[in-house]
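Take a look at the letters that make up each chain.
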Amino acid sequence: MIDDLSVATSANFYSIRKKLSNKAVEDLFVSLRANHGATAHNEFKHTRQQHDGVRWSAVCFRYESPPSFLKDSTAIRENLCGFLLLIEYQGHAAVLSSRLGLPSPFKTTHLSTVATARVEGAIARADAIFQRMTMRNMSISPYAMRAKTVEAQNLANVVGPAGSRRYAPRTYSVVANGTQSTATPSTGRIGIRSERSNLPGIVTFAKRVIDALRVDNADVSPFIRSFARPVSLQEALAASAPLAMAIDTNKLSDSIANHEAGIRLIRMQGDVAVELSAGELTALMEQLDRPLDIEGDERVRTARDPATGEQAASISLNKNRISLRSLSLLPASEIYVEIANEDPGEDGDRQTLREHLDEIDALIVLFEDVRLAYIDGQVFRDETLLDGGESFLQYFTASVPLAAVTSEKGAFSAAQTAFDAISSFGAIVGHIAAADSILLCDDLGDEWADFIGIKDEAGLTQISFYHAKHGALSLGASPFHVSVSQAIKNLGNMTFPEERLAAKLELWDSSYNAPAQQTQIQRTIRSNAADLAVALRRARTAPDARRRAVIVTSSLSRQAVADAFAAIQNGQRPAPSFVQLYWLLQSFFSACTEVGASGAIVCQA
């Protein structure tokens, strides 16, 4: 039967941690059958046979499962066929499977993930042309764009370096020497586009990939080097300590939505297992999204909710990975993960949610060194801070009038015709946006920004969306979450969408009415256009238009940010809140870049 094998040339590659034996492989096959309730004889089974310098093992058996489109309690069963092939060669293993997955105990005991740098050296070589990439943002902010996918004939020609270093590559496809290859470094999955292969063909493919993985200091593509770079955990921990953590809830959501993964989340109601409702899932995801502060200097460290000081989790700093040791807050601490093809409560091998999150490497950790982030079980470094923060500070402009600001919008009266001069709104109108020949107040309701400014100068058009924020001086991320979220959400409106413009023109032709108080302040603060609609449409279609998303805040000092970077350069430990602020704003700047806009912060000196 194995002679009829015809599979895609794609496999997950591992380093062999503990030498495999005939018994270990036989136990693996027994475990696979037990996990799927298989009762029929194997279609085929081969244990550690030799071919062309490798050892290979394979198993195939039939089992029953409820259809994915029916409830698990249904009596209807599909007759499915599962397959797994394990190839051992030069201290590495290649695993190909269909409907079967390696049990966690086997992987933990015998296998370890191939280093990201090794995968890059094998696939992302200097002559590789990148055509598709999915990447993960290094931020732990729930307001940041977490992942994105880009595709082109040659990505090096269309993806600039401005925002790339804030992203860690997750999956990419390349063409080299006429062959298209795909790699997912975090899982060690590597495949090549070709016709389906038989056993000898798969053995040849696995040997060729493993030989490439074993090359030391391989010449890697300059394009892949423009992204966040992989760093060993040992190197990161020797130079820096973890400061903050969060859970990558995208990974958990993907596992739940992926029918092949076959999991469900349950809670126990007495002795009865109950699957989480949509509302309970939403509440759980919101809890897991919350950034936590890491404390301690031992191998096992505590993670606390910065708002309450309550312990929420703990992590363990191991040799090659950071593990999630505990989740102690409700509801997360009482959630379990089960195989979906069993009735709720019937999975004898169910995991706690903590165990599952640890298994899928859903932990995100930030360090004292603000360049570092632990994502997908790997540490990455953002190289843009090699200049001591100067590239980051270029986005900041100091505005002296903000020092006198005492509120965001000021007080209002019925006869009032202008915003208070000592409010953030007044500072924008009178100083920060003073050069804009068109200035519109868009605050309240379906707002795109607090103010929208347009300036034509020397034939160039500039469109600015101003988002105002007032508060006590701080170097924390909390005051900026709402402003950053609003700014990112409205980047698409910087092109003045035609279908929404009529309603906006009507609004801008009215006076500003604060909550519970009408005023005489005109929403069209300034306009040199005979017809505002024509001017806005001209700005929208201007080929050289520069679009700016500007966060105007009195709660931040540019000098304080510069001082924080200087202290870091001198070896001082940054506050967790500053590290989170750095990543939050980096996400904002990167999101602007991706839509052809520029991000900016106007703050106190």
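In this text the structure is predicted, and so the values were computed from the model without any measurement. (Residues numbered from 1 in each chain as written. Predicted model: local features only at pLDDT ≥ 70, side-chain atom pairs only at ≥ 80, totals over all residues. Heavy atoms only, no water.)

**Concerning the pairing of strand β18 (residues 311-317)**
Rules: Per-residue accessibility, obtained with a 1.4 Å probe over protein chains only, is compared with the maximum for each type, and a residue is labelled buried under 20%, exposed over 50%, and partly exposed between these values. Comment: elements are numbered from the N terminus, with helices defined as DSSP H or I runs of at least four residues and strands as E runs of at least two. Here, any two strands with at least 2 DSSP bridges between them count as paired.
With six of its seven residues buried, β18 lies for the most part within the structure. With antiparallel pairing between neighbouring strands as the criterion, strand β17 (residues 300-304) and β18 make up a hairpin whose turn holds six residues, including Gly-309 at a positive phi of roughly 80°. Of the pairings in the sheet, the one linking β18 to strand β19 (residues 322-327) comprises five bridges and is antiparallel in character. Its bridge partner being in β19, Ser-316 is matched across the sheet by Ser-323. Between the antiparallel neighbours β18 and β19 lie four residues.

**Some thoughts on the sheet that holds β19**
The cut-off we apply is this: For helices, the fitted line uses only the C-alpha atoms of the stretch in contact; every axis is such a line through C-alpha atoms, and the angle between N-to-C directions lies from 0 to 180 degrees. The contact definition used throughout considers only heavy atoms, calling two residues in contact when any of these lie within 4.5 Å.
Here nine strands make up an open sheet; going across it, the order is β12-β24-β23-β22-β13-β16-β17-β18-β19 and the pairing antiparallel. Sheet topology places β12 (229-231) and β19 at the edges, where each strand pairs with a single neighbour. Sheet twist, expressed as the average angle between the axes of neighbouring strands with direction ignored, equals 30°. Together, β12 and β24 (378-381) form the strand contacts of helix α3 (residues 116-123), whose direction differs from that of β12 by roughly 135°.

**Points about the nonpolar core**
To keep it simple, the criterion reads: Only buried residues count toward a nonpolar core, which is a set of Ala, Val, Leu, Ile, Met, Phe, Trp, Tyr and Cys residues joined through side-chain atoms within 4.5 Å.
Counting 58 residues, the largest nonpolar core has Phe-396, Phe-496, Trp-508, Leu-536, Leu-585, Phe-588 and Ile-601 as the members making the most contacts within it. Top element by residues in this core is helix α16 (residues 576-594). It accounts for 11 residues. For Phe-588, the residues in contact, after removing those within four places along its chain, are Val-484, Ala-487, Ile-488, Ala-549, Ile-551, Gly-599, Ala-600 and Ile-601. Core analysis: the second largest hydrophobic core is formed by 44 residues, Ala-11, Cys-60, Phe-130 and Phe-205 among them.

**A word on the environment of Gln-572**
Of note, Gln-572 is situated in the loop between α15 (558-569) and α16. Residue class for Gln-572 comes out exposed when judged on its relative accessible area of 53%. Along the sequence, Gln-572 and Asp-369 sit 203 residues apart, while their C-alpha atoms lie 9.9 Å from each other.

**Here's the deal with the pattern of salt bridges**
Put simply, the rule is: The salt bridge criterion pairs a side-chain nitrogen of Lys or Arg with a carboxyl oxygen of Asp or Glu, the two atoms within 4 Å.
The full count for this structure, using the stated rule, is 28 salt bridges. Close ionic contact of Asp-52 with Lys-207 constitutes a salt bridge, the shortest N to O distance being 3.4 Å. With Asp-52 in the loop between β2 (44-51) and β3 (54-65) and Lys-207 in helix α4 (residues 199-213), the pair connects residues that are 155 residues apart, well separated along the chain. Relative accessible area serves as the criterion here: at 17%, Lys-207 is assigned to the buried category. Between Arg-267 and Glu-280 there is a salt bridge; the shortest N-O distance is 2.7 Å.

**What about the state of the cysteines?**
Threshold: For the purposes of this analysis, a disulfide is any pair of cysteine sulfur atoms at a distance within 2.5 Å.
For the coordinates displayed, the defined rule picks out zero disulfides. Cys-60 forms no disulfide, and the closest cysteine sulfur to it belongs to Cys-81, at a distance of 3.3 Å. Here Cys-603 is not cross-linked by a disulfide; its sulfur's nearest cysteine counterpart is in Cys-592, at 16 Å.

**What about a nonpolar patch on the surface?**
Applied cut-off: To count toward a patch, a residue needs a relative accessible area over 30% and no salt bridge; like charges are then connected within 9 Å, while nonpolar side chains (Val, Leu, Ile, Met, Phe, Trp, Tyr) are connected within 5 Å. Accessibility throughout is a Shrake-Rupley quantity obtained with a 1.4 Å probe, and a residue counts as covered only by protein chains that appear here.
Among the surface-exposed residues, Phe-69, Leu-70 and Ile-76 lie close enough to one another that they form a single nonpolar patch of about 320 Å² accessible area. Note on placement: Leu-70 falls in the loop between β3 and β4 (78-89).

**A few points about unusual backbone geometry**
Of note, the amide linkage connecting Leu-330 to Pro-331 takes the cis form, showing an omega dihedral of 5°. Position of Pro-331 relative to the elements: it lies in the loop between β19 and β20 (335-339). Positive phi is not limited to glycine here, since Gln-90 has a value of about 50°. Relative to the helices and strands, Gln-90 is located in the loop between β4 and β5 (92-98). For Leu-444, which is not a glycine, the phi torsion comes out positive at approximately 75°. Along the polypeptide, Leu-444 turns up in the loop between β26 (438-441) and β27 (451-457). Classification of Leu-444 by relative accessible area gives partly exposed; the value is 25%.

**Topic: the packing of aromatic side chains**
Using the following cut-off: Pairing of aromatic rings covers Phe, Tyr and Trp, the last counted by its six-membered ring, and requires centre-to-centre distances within 6.5 Å; plane angles under 30 degrees mean stacked, over 60 mean edge-to-face, and any other angle means tilted. Only Lys NZ and Arg CZ are tested; either one counts as a charge over a ring when it is within 6 Å of the ring centre and within 35 degrees of the ring normal.
Taken as a whole and judged by the stated rule, the model has 24 aromatic pairs. When the centroid spacing of 5.5 Å and the interplanar angle of 45° are considered together, the rings of Phe-588 and Phe-589 count as tilted. Under the relative-accessibility criterion, Phe-589 is labelled buried at 1%. Aromatic ring contacts, followed pair by pair, group Phe-392, Tyr-395, Phe-396, Phe-565, Phe-578, Tyr-582, Phe-588 and Phe-589 into a single cluster. Its end group placed over the ring of Phe-61, Arg-33 keeps NZ or CZ at 5.6 Å from the ring centre. The ring centre of Tyr-336 lies 4.9 Å from the NZ or CZ of Arg-350, which sits over that ring.

**Here we look at the environment of Arg-166**
Locating Arg-166 in the fold gives a position in the loop between β8 (147-151) and β9 (167-176). With 176 residues separating them along the chain, Arg-166 and Glu-342 place their C-alpha atoms 41 Å apart. Each residue touching Arg-166, except ones within four places of it in the same chain, is listed here: Arg-136, Asn-137, Met-138, Asp-382, Tyr-395, Gln-586, Phe-589 and Ser-590.

**Some details on the sheet that holds β26**
Taken in spatial order, the seven strands of this open sheet run β25-β33-β32-β28-β27-β26-β31, and their pairing is mixed. Strands with a single pairing partner mark the edges of an open sheet, and in this sheet they are β25 (396-398) and β31 (524-526). Ignoring strand direction, the axes of neighbouring strands in this sheet form an average angle of 25°. In terms of strand pairing, strand β28 (residues 460-469) meets strand β32 (residues 546-557) through eight bridges, oriented parallel. Each residue of the ladder has a partner; that of Ala-468, found in β32, is Val-552. Against the sheet, helix α14 (residues 532-541) touches β26, β27, β28, β31 and β32, its axis set at about 105° to β26. Helix-sheet contacts for α16 involve β25, β32 and β33 (597-604), and the interaxial angle to β33 is about 140°.

**Points about the side chain of Gln-378**
Quick note on the threshold: Under this definition, polar contacts are N or O atom pairs within 3.5 Å; protein pairs additionally need one hydrogen-donor-capable and one acceptor-capable atom, and for neighbouring residues in sequence, both atoms have to be side-chain atoms.
Relative to the helices and strands, Gln-378 resides in strand β24. Residue class for Gln-378 comes out buried when judged on its relative accessible area of 14%. Polar contacts involving the side chain of Gln-378 include one to the main-chain carbonyl oxygen of Val-231, which spans 2.8 Å. Discounting chain neighbours no more than four positions away, the residues touching Gln-378 are Thr-116, Pro-230, Val-231, Ser-232 and Ala-373.

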